[in-house]
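In case you want the letters, here they are:
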Number of protein chains: 2
Amino acid sequence: MNPGRFHHMAVIGVGLLGGSLALAARKRGLVERVIGVGRTRKNLDLALSRNLVDEVATDPAVAVSAADLVVLAGPLGTFRDTVKRIRSRLRKGTVVTDVGSVKGNLVSEIESLVPAGVAYVAGHPITGGSVSGAGHARADLFVGTRCVLTPTASTPVEALVRVEQFWHELGADVVRMAPDIHDRVFAYVSHLPHLVSYALMDCVGEQNGHVQNAGKGLMDTTRIAGSPPEIWSDIFRMNRDYLLESLSNFQEALDAMRRALEDDNEQMLKALLRKAKEVRDRLEQG
Amino acid sequence: MNPGRFHHMAVIGVGLLGGSLALAARKRGLVERVIGVGRTRKNLDLALSRNLVDEVATDPAVAVSAADLVVLAGPLGTFRDTVKRIRSRLRKGTVVTDVGSVKGNLVSEIESLVPAGVAYVAGHPITGGSVSGAGHARADLFVGTRCVLTPTASTPVEALVRVEQFWHELGADVVRMAPDIHDRVFAYVSHLPHLVSYALMDCVGEQNGHVQNAGKGLMDTTRIAGSPPEIWSDIFRMNRDYLLESLSNFQEALDAMRRALEDDNEQMLKALLRKAKEVRDRLEQG
């Protein structure tokens with residue numbers, strides 16, 4: 001039997017990620033049935049009408065009772081309470097996973113909450129962007145993207161392999177990373193850029209009428225400032241220590257630029273820009 | 001006669017902007033003949049082989065002697081010296097314009113350098129991006145973009161109208177702005193985002209191996225860090241005062257984020273993110 005296949009998947013939170021996951025898993029035959037859990041009837045109706053899920057529910061405890069795969073896909077700040085609500089209804093052998101952008105303490109907390117015989121495998125698909133909601137869900141969202149799993153010493157290997165295979169079948173490149181390393185890496189490559197983009201938009205937006213003259217540069221650098229504030233304030237707060245560390249380093253990089261400008265130090269200024277362009281050009285080449 | 005048409009155009013600097021301008025003007029029949037001026041034979045050969053220009057030269061003084069339209073399209077830092085080199089060869093009635101990203105003192109300096117009977121109309125097409133060179137030039141680069149002209153009290157109205165019509169025929173939306181206002185506006189909407197993007201790439205690039213995990217967010221925010229360091233260090237230095245002002249405001253916006261994080265002030269953090277998203281959503285709607 002293919003270890004990446006499950007019978008009943010419960011997706012708690014049918015937004016961009018949860019909705020896409022439900023659709024993709026069904027289309028690829030990785031699950032027989034998907035139940036989507038949400039708080040608002042409107043989004044659940046949308047998920048049903050777009051055929052993302054087979055059925056819907058508003059109570060996660062009811063939804064997980066028949067599931068052998070449970071995916072936490074709501075806001076990061078709700079994971080702990082959700083697990084508390086569903087834990088007594090989880091069946092032995094069930095695998096619980098998530099799509100959250102911050103791991104840290106949450107992994108050990110959820111590990112300690114799930115009952116014996118239930119495995120928790122923390123995950124983070126690197127995708128998303130500035131759109132959100134079931135209306136933007138699509139079956140190919142994870143194709144060619146990276147999915148980071150953050151197992152610990154307590155993670156049952158069999159369940160880890162199953163979740164790995166599940167993401168692999170959805171088209172993702174799966175990598176393993178320690179939860180702590182994950183949080184530090186994504187503070188720099190994701191959370192800091194979001195914070196910077198929001199701050200830049202705040203700063204430029206305060207200058208009356210200036211934004212009318214925005215070119216492609218400002219549009220690119222502030223695209224992710226259109227991301228949902230509720231989701232990102234959760235992420236920022238849950239990864240606070242590493243985010244503050246990366247912010248300090250970024251503020252030092254800005255100060256280096258400021259000094260080069262103030263001193264009209266052309267050589268230093270060019271050196272800073274060249275160093276950045278080198279990294280960027282390597283990124284572009286993949 | 002169409003005021004936007006000229007006989008001989010000399011384009012000094014056949015990079016992305018100069019090359020595209022040459023190609024577009026010829027394709028639309030706005031000029032009869034274009035001579036491209038460059039420093040390296042390699043780029044001039046590319047311009048010829050791509051059919052961007054009719055002929056090429058390495059000496060701008062020779063190139064402008066038959067021109068009734070001269071476009072300064074090389075690096076911003078070369079404009080003053082270029083005008084000094086060509087001024088004695090400019091014919092009466094010739095219009096000199098440019099595509100530089102910073103105006104400020106340069107406008108009055110060039111105005112004082114051009115001989116009587118020659119008009120200078122400063123311009124700035126809002127386009128470009130992270131690619132550069134004649135190899136990327138294309139005829140539709142200016143279609144649907146904005147072109148800012150920054151006339152002064154000394155600008156002859158007839159020449160201003162001709163340059164306006166010229167850009168209009170290339171598909172650009174032309175607006176007029178005082179040189180000083182232009183520099184302040186573009187410090188915020190273009191130069192600061194570039195500086196921020198370079199600084200972000202410097203900061204993240206210093207963390208070994210982290211960039212391998214870059215998602216779309218980091219790619220978007222650092223796209224313009226791939227822009228040519230030589231061009232952008234010139235722009236930063238020439239618009240230093242307004243850029244430093246905008247940088248101070250940006251650093252304050254970052255500090256506000258930092259305080260909200262340090263105090264774990266969820267309300268403040270969400271308010272800052274929501275304010276940014278509102279501006280961004282309005283930009284997206286155009």
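So, a few notes on the structure that sits alongside this text. These numbers were taken from a predicted model, which means no experiment stands behind them. (Residues numbered from 1 in each chain as written. Chains lettered and ligands numbered in written order. Predicted model: local features only at pLDDT ≥ 70, side-chain atom pairs only at ≥ 80, totals over all residues. Heavy atoms only, no water.)

1. With respect to the packing of aromatic side chains
Residues and elements named next belong to chain A.
- All chains considered together, the criterion is met by 11 aromatic pairs over all chains.
- Each ring, one from Phe-6 and one from Phe-166, has its centre 5.9 Å from the other, and the planes form 80°; the classification is edge-to-face. On the criterion of sequence distance, the pair formed by Phe-6 in strand β1 (residues 6-12) and Phe-166 in helix α6 (residues 157-169) is long-range, its members being 160 residues apart.
- Given the relative accessible area of 3%, Phe-6 is considered buried.
- Residue Phe-166 is classed as buried on the basis of its relative accessible area, which comes to 3%. (Phe/Tyr/Trp six-rings, centres within 6.5 Å; stacked < 30°, edge-to-face > 60°. Helix = DSSP H or I, 4+ residues; strand = E, 2+ residues; numbered from the N terminus. Buried < 20%, exposed > 50% of the residue type's maximum accessible area, 1.4 Å probe, protein only.)

2. Things to note about the relation of the copies chain B and chain A
- Under the fitted operation, chain B is carried onto chain A by 0.0 Å of movement along the axis and a turn of 180°, and the coordinates agree to an RMSD of 0.0 Å. Taken together, the rotation angle and the small translation identify this as a two-fold axis. Nearest to the rotation axis, the C-alpha of Thr-221 of chain B is located 1.9 Å from it, this being the minimum over chain B.
- A high fraction, 100%, of the interface residues of chain B reappear at the interface in chain A, so the copies pair face to face through one surface. (Least-squares fit on C-alpha atoms with pLDDT ≥ 70 in both. Contact = heavy atoms within 4.5 Å.)

3. Some remarks on the interface of chain B and chain A
- On the chain A side, the residues contacting the 79 residues of chain B number 80 residues.
- Buried area between chain B and chain A, both sides added, is near 7,600 Å², and the carbon and sulfur share of it is 66%.
- On inspection of chain B and its partner chain A, the count reaches 10 salt bridges.
- With a closest N to O distance of 3.6 Å, Asp-220 of chain A and Arg-223 of chain B form a salt bridge.
- Counting across the interface, chain B meets chain A through 36 residue pairs in polar contact (both at pLDDT 80 or more).
- Listing elements by their share of the side of chain B that touches chain A, those giving two or more residues are α7 (179-205), α8 (216-221), α9 (229-238), α10 (240-262) and α11 (266-284) of chain B.
- Grouping the amino acids of the side of chain B that touches chain A by side-chain chemistry returns 39 nonpolar, 17 polar and 23 charged. (Buried area = accessible area lost by both parts, 1.4 Å probe. Salt bridge = Lys/Arg side-chain N within 4 Å of Asp/Glu carboxyl O. Polar contact = N/O pair within 3.5 Å; in protein donor to acceptor, adjacent residues only side chain to side chain. Nonpolar A, V, L, I, M, F, W, Y, C, P; charged D, E, K, R; others polar.)

4. Some remarks on the pairing of strand β4 (residues 69-72) of chain A
Residue and element names in this part refer to chain A.
- Neither face of β4 is open: one carries Leu-69 and Val-71, the other Val-70 and Leu-72, and all of them are buried.
- Relative to β4, β1 is paired through 4 bridges, and the arrangement is parallel. Each residue of the ladder has a partner; that of Met-9, found in β4, is Leu-69.
- The sheet contact formed by β4 and strand β5 (residues 95-98) spans 4 bridges and is parallel. Bridge pairing in β5 links Val-70 to Val-96.
- Remark: the β4/helix α4 (residues 79-86)/β5 crossover connection has right-handed handedness. (Pairing = 2+ DSSP bridges. Right-handed = clockwise from strand over helix to strand, strands pointing away.)

5. Here's the deal with the sheet that holds strand β6 (residues 119-121) of chain B
Residues and elements named next belong to chain B.
- Taken in spatial order, the 6 strands make up an open sheet running β3-β2-β1-β4-β5-β6, and their pairing is parallel. The open sheet has two edge strands with one neighbour each: β3 (55-57) and β6. Sheet twist, expressed as the mean angle between neighbouring strand axes with direction ignored, is 20°.
- Sitting on the sheet, helix α1 (residues 16-27) is in contact with β1 (8-12), β2 (33-37) and β4 (69-72), with an inclination near 165° to β1.
- Packing against the sheet, helix α4 (residues 79-86) makes contact with β1, β4 and β5 (95-98), and its axis sits at approximately 150° to β4. (Axes fitted to C-alpha atoms, helices over the stretch in contact; angles between N-to-C directions.)

6. A closer look at α11 of chain B
- Here α11 of chain B is 19 residues long and its end C-alpha atoms lie 26 Å apart, about the 27 Å a rise of 1.5 Å per residue gives.
- Those residues of α11 of chain B that sit buried are Leu-269, Lys-270, Leu-272, Leu-273, Ala-276, Val-279, Arg-280 and Leu-283 of chain B.
- Buried residues belonging to α11 of chain B abut α7 (179-205), α8 (216-221) and α9 (229-238) of chain A together with α10 of chain B.
- Remark: Gly-286 of chain B follows α11 of chain B within two positions and exhibits a positive phi of approximately 80°. (Expected span 1.5 Å × (residues − 1).)

7. Examining the pairing of β1 of chain A
All names here are of chain A.
- Of all 7 residues making up β1, 5 are buried, and the element is well covered by its neighbours.
- Sheet analysis places β1 next to strand β2 (residues 31-37), joined by 6 bridges and oriented parallel. Among the inter-strand pairings, Val-11 is bridged to a residue of β2, identified as Gly-36.

8. Here we look at the packing of helix α11 (residues 266-284) of chain A against α9 of chain B
- One can describe the packing of α11 of chain A onto α9 of chain B by two numbers: an axis separation of 9 Å at closest approach and a directional angle of 135°. Judged by the inter-axis angle, α11 of chain A sits oblique to α9 of chain B. As α11 of chain A packs across α9 of chain B, the resulting crossing turns out to be right-handed. Contact with α11 of chain A, carried on its side by Glu-266, Leu-269, Lys-270, Leu-273, Arg-274 and Lys-277 of chain A, involves Pro-229, Glu-230, Trp-232, Ser-233, Asp-234, Phe-236 and Arg-237 of chain B of α9 of chain B and no other residues of that element. (Parallel < 35°, antiparallel > 145°, perpendicular 65-115°, else oblique. Left-handed = near helix turned anticlockwise from the far one by under 90°.)

9. Re the side chain of Gln-251 of chain B
- Note that Gln-251 of chain B resides in helix α10.
- Among the polar contacts made by the side chain of Gln-251 of chain B, one reaches the side chain of Asp-255 of chain A at a distance of 3.1 Å.
- With residues up to four places along the chain from it excluded, the contact list for Gln-251 of chain B reads Leu-254, Asp-255 and Arg-258 of chain A.

10. As for empty space enclosed by the protein
- A complete count under the given rule lists 1 cavity of 30 Å³ or more for this structure.
- Considered as a void within the structure, the largest cavity measures approximately 40 Å³ in volume.
- Lining the largest cavity are Val-196, Ser-197, Leu-200 and Thr-221 of chain A together with Val-196, Ser-197, Leu-200 and Thr-221 of chain B.
- Elements that contribute at least two residues to the lining of the largest cavity include exactly α7 of chain A together with α7 of chain B. (1 Å grid on protein atoms, 1.4 Å probe; cavity = no way out; pocket = protein on both sides within 12 Å on 5 of 7 lines; lining within 4 Å. Points joined across faces, edges and corners; volume = space filled by probe spheres on them.)

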